[in-house]
Amino acid sequence: MLLTVLACATTTLVATPLLGYLDLANIVMLFLLTVLLVAITFGRGSAVLASVLGVLLFDIFFVPPRFSLAVENIQYLVTFAVMLITGLITGHLAAGLKQKAHEALTRELRTQALYDVARQLAGALSQAQVVEICHAFTQGQLAAESLILLPDDQGHPTVAMGSSPNCKIDPLLANIAEDSGKTVRNQELSNGYASLYLPLRASMRTRGVLAIAFPTEVVSLPDEQVALLEALASLIGIALERLHYVDVAQSTQLKMVSERLRSSILSALSHDLRTPLTALVGLADSLFLIKPTLPDTALETAQAMHEQAARLANLVGNLLDMARLNAGEITLRREWQPLEEVIGASIKLIESALVAHPVKVRLPADLPLLEFDAVLLERVFCNLLENAAKYAPPGSNIDIAAQPAGEFIEVSISDRGPGLADTDNDRMFDMFVRGDSVAGKPGTGLGLAICRAIVEAHGGTIRATNRPEGGASISFTLPRGTPPILEEESV
Amino acid sequence: MNTPKPKVLLIEDEKTIRRFVRAAVEEEGCSVIEAETMAGGLIEAGVQKPDLLILDLGLPDGNGIDLIRDLRGWSEVPVLILSARTQENDKIDALDAGADDYLTKPFSVGELRARVRALLRRRLRRGEAATPVVEFGDVVVDLSRRLVLRGGQAVHLTPIEYRLLSTLLGHPGKVLTQRNLLREIWGPSYVESSHYLRVYVGHLRQKLENDPTQPRHFLTETGVGYRFQP
């Protein structure tokens with residue numbers, strides 16, 4: 001302000017001696033030049049001041065009568081008006097130009113900073129690095145504190161990354177930003193609360209919220225800065241998404257490798273264990289083919305060898321199944337199919353174990369298709385039927401029934417044996433646990449554990465009860481789901 | 001009665017298993033040629049022209065499924081698979097490649113002999129004039145007149161049920177994979193819709209089996225497919 005006044009005074013001083021030599025019109029030019037210089041140097045306000053001062057000084061010191069505001073010739077009023085208007089417009093344009101140049105420079109610096117952030121984020125290997133890069137940017141460019149909030153298990157952005165003690169979070173606003181995917185501003189919050197919440201949007205979904213707390217002296221936020229921060233937020237969102245997919249890819253690869261290793265070990269083991277057992281079963285059988293026929297005692301021995309080897313093979317099968325099931329994530333080959341089919345196949349498969357126990361199957365006619373892995377469910381039925389046949393007296397029936405139970409179908413296999421001494425369900429279905437009453441019967445206590453693993457893998461439950469009329473009953477549930485629609489055949 | 005003995009080619013790398021399989025097959029009145037490797041087996045199959053091939057899927061010098069594919073290029077000989085693996089996929093691949101039946105190790109000599117008998121009988125029958133009338137249980141199917149009788153009573157079958165029935169009857173004793181049946185009866189776009197097949201097999205059992213829950217003729221090979229047992 002003072003400098004503007006000084007500049008105008010200097011112009012007056014310089015011009016006064018020239019009054020004899022220069023036309024008044026040219027002296028006006030000197031004042032206009034001053035206005036232009038002031039505008040460029042000090043901006044718009046000073047330019048207005050210089051214009052007005054210039055007109056006044058010109059009037060007082062140069063226009064006759066000198067040293068007074070009075071004007072001899074009315075024409076000078078036009079000069080004053082033109083001078084003022086020209087001064088104001090020149091000043092305005094010059095000052096605008098200067099401001100534009102300044103803004104362009106600031107913008108360029110910020111864009112540069114944004115480029116740098118983009119480059120750094122592209123190389124970031126961890127979320128901590130992303131947080132650090134973001135923090136450095138907001139500190140450096142806007143002197144603001146920032147915090148990145150990642151979604152928790154329920155999807156609310158609550159997990160704060162990094163430590164910014166001066167940035168407190170309003171969880172409600174963070175939630176709104178996350179859910180709406182739009183920037184949320186709140187200027188009224190102060191004393192360290194974040195006033196700007198930007199969703200970290202990426203191509204698949206919003207990956208969290210960026211919260212910014214400005215220093216208290218910042219009262220309002222220009223749109224241009226918000227736009228800058230939104231650009232930053234989307235860069236961070238993309239970086240976080242990239243890191244997420246890197247994680248996913250790595251863990252998938254790891255899982256695939258370990259899955260492949262596990263299944264190749266299991267199938268090698270299965271091959272190596274079954275081959276000698278196959279030879280044993282077959283060789284024992286081939287003793288029956290020897291001509292002339294061996295004595296009965298030798299054949300009895302051969303039969304016993306066959307049975308023991310077959311039992312061993314069954315045990316190996318159970319152990320390998322259990323290993324497969326216990327190793328975690330079993331891949332179920334689920335298909336929609338009628339329950340009666342797998343029941344029929346199971347009965348057929350263990351026909352020889354069921355000769356003394358007729359199986360009665362009672363299924364409702366309108367039983368829907370169910371979605372299950374037939375091979376595994378066959379295992380469940382075989383194990384349960386074998387168990388029933390083992391404990392129930394010869395000649396007694398085994399019953400298989402099914403009925404709807406809410407969202408599930410409940411299947412039960414019941415025998416007419418002595419029943420269970422102890423229906424302690426959890427323990428019964430544990431591995432290697434055998435009932436007290438079964439001493440003397442062959443078995444390993446693996447069967448029910450396998451059944452439970454399979455049923456639970458299908459999303460069902462299994463339990464054991466005693467029937468009121470005597471005998472044990474094992475029932476399990478399978479979810480009904482939504483069966484596929486079967487196009488009716490056009491007849 | 002002076003028919004030549006049927007020749008059975010046994011491709012299996014385990015010596016002890018070869019020993020009892022040979023004994024069992026010879027008991028069925030066949031002569032046995034042995035091979036230990038896939039390459040050797042393929043040569044023997046070409047030179048000896050066996051009537052039946054018994055093949056272990058886990059051969060040391062290659063996958064038995066490839067052998068079946070090679071073989072099917074020039075031979076219709078029945079193939080019985082011995083598989084030590086429990087994985088259903090291997091069996092399905094072998095059956096889709098052209099194998100006729102499979103046995104999962106360990107198996108008894110009795111089962112083996114039954115399968116060998118069935119496969120050889122089917123081969124002999126192939127020479128005879130095809131008969132249009134198939135009988136099983138109390139059911140008579142006259143394929144030439146599209147007539148299905150059960151206990152003397154006509155049974156109504158829908159077109160798809162009839163096509164499924166005639167496909168199954170056309171391959172007695174052979175395991176037909178789900179994929180195979182779906183492609184044959186519903187067309188290639190249905191190979192993933194296995195529930196169709198299951199529901200229609202269920203219909204056939206309802207109409208033609210005495211106890212549909214414990215079928216005796218339309219048997220399920222769980223996870224693999226179906227088999228018609230006359």
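Residue and element names in this part refer to chain A. Counting residues in hydrophobic clusters, the biggest one holds 43 residues, and the most contacted among them are Leu339, Leu377, Phe381, Leu385, Ile400 and Phe476. Among the elements that line this core, the one with the most residues is helix α10 (residues 374-391), at 10 residues. If we ignore the near neighbours within four places in the chain, the residues touching leucine 385 are Ile347, Ile350, Leu354, Val359, Ile398, Ile400 and Ile413.

Take unusual backbone geometry next. Cis rather than trans, the peptide bond between Lys291(A) and Pro292(A) has omega equal to -10 degrees. On the secondary structure map, Pro292(A) appears in the loop between α7 (223-286) and α8 (296-326). For the bond from Lys105(B) to Pro106(B), the omega torsion is -5 degrees, close enough to zero to count as cis. When you line up the elements, Pro106(B) lands in the loop between β7 (101-104) and α5 (109-127). A positive phi is found at Ala143(A), a non-glycine position, where the angle reads about 55 degrees.

The subject of this paragraph is the packing of helix α3 (residues 64-72) of chain B against helix α4 (residues 88-97) of chain B. Residue and element names in this part refer to chain B. At a closest axis distance of 9 Å, the pairing of α3 and α4 adopts a crossing angle of 10 degrees. When the interaxial angle is binned, α3 and α4 end up roughly parallel. Where α3 approaches α4, its residues Ile65, Ile68, Arg69 and Arg72 are matched on the opposing element by Asp90, Asp93, Ala94 and Ala97. Residue classes in the contact of α3 with α4 are distributed as four nonpolar, no polar and four charged.

The next thing to look at is the interface of chain B and chain A. The interface of chain B with chain A comprises 46 residues on the first partner and 41 residues on the second. Buried area between chain B and chain A, both sides added, is near 3700 Å², and the carbon and sulfur share of it is 58%. For the pair chain B and chain A, the number of links is four salt bridges. Arg198(B) is the partner of Glu341(A) in a salt bridge, and the nearest nitrogen-oxygen pair spans 3.2 Å.

Looking now at the state of the cysteines. Residue and element names in this part refer to chain A. Summed over the entire model, instances satisfying the criterion amount to zero disulfides over all chains. Here cysteine 451 is not cross-linked by a disulfide; its sulfur's nearest cysteine counterpart is in cysteine 382, at 9.6 Å. When its relative accessible area of 0% is taken as the criterion, cysteine 451 is described as buried.

Attention now goes to the sheet that holds strand β11 (residues 153-154) of chain B. All names here are of chain B. Taking strand neighbours across the sheet as the criterion, the four strands line up as β8-β9-β10-β11 in an open arrangement whose pairing is antiparallel. The sheet is open, and its two edges are formed by β8 (133-136) and β11, each paired on a single side. Inspection of the sheet shows strand β9 (residues 139-142) paired to strand β10 (residues 147-150) by four bridges, in the antiparallel sense. In the strand pairing of β10, valine 141 is matched with valine 148. Taken strand by strand, helix α6 (residues 159-170) contacts β8, β9 and β10, and its axis lies near 95 degrees from that of β9. Each of β8, β9 and β10 touches helix α8 (residues 194-208); the most contacted strand, β10, lies at about 50 degrees to it.

Moving on: the pairing of strand β12 (residues 472-479) of chain A. Residues and elements named next belong to chain A. Burial runs high along β12: seven of the eight residues are buried. Of the strand pairs in this sheet, strand β11 (residues 462-466) and β12 are connected by five bridges, and their pairing is antiparallel. Each residue of the ladder has a partner; that of asparagine 466, found in β12, is alanine 472. Here β11 hands over to β12 after five residues, with glycine 470 in that stretch at a positive phi of 100 degrees.

This paragraph deals with the environment of Gln225(A). All names here are of chain A. Here glutamine 225 shows up in helix α7. Along the backbone, glutamine 225 and arginine 110 are 115 residues apart, and their C-alpha atoms lie at a distance of 9.5 Å. Leaving out residues up to four positions away in the same chain, glutamine 225 has contacts with Arg110, Leu142 and Phe214.

Our focus in this paragraph is the pattern of salt bridges. Residues and elements named next belong to chain B. In total, this model carries 31 salt bridges over all chains according to the counting rule given. Between glutamate 192 and arginine 179 there is a salt bridge; the shortest N-O distance is 3.4 Å. Of this pair, glutamate 192 sits in the loop between α7 (178-185) and α8 while arginine 179 sits in helix α7, placing them 13 residues apart in sequence. Overall, the relative accessible area of 35% leaves arginine 179 in the partly exposed class. Connected through shared salt-bridge partners, Arg18, Arg22, Glu26, Glu34 and Glu36 make up one network.

Scoring rules and cut-offs
- Residues numbered from 1 in each chain as written.
- Chains lettered and ligands numbered in written order.
- Predicted model: local features only at pLDDT ≥ 70, side-chain atom pairs only at ≥ 80, totals over all residues.
- Heavy atoms only, no water.
- Core = buried A, V, L, I, M, F, W, Y, C linked by side-chain atoms within 4.5 Å.
- Buried < 20%, exposed > 50% of the residue type's maximum accessible area, 1.4 Å probe, protein only.
- Helix = DSSP H or I, 4+ residues; strand = E, 2+ residues; numbered from the N terminus.
- Contact = heavy atoms within 4.5 Å.
- Axes fitted to C-alpha atoms, helices over the stretch in contact; angles between N-to-C directions.
- Parallel < 35°, antiparallel > 145°, perpendicular 65-115°, else oblique.
- Nonpolar A, V, L, I, M, F, W, Y, C, P; charged D, E, K, R; others polar.
- Buried area = accessible area lost by both parts, 1.4 Å probe.
- Salt bridge = Lys/Arg side-chain N within 4 Å of Asp/Glu carboxyl O.
- Disulfide = S-S within 2.5 Å.
- Pairing = 2+ DSSP bridges.

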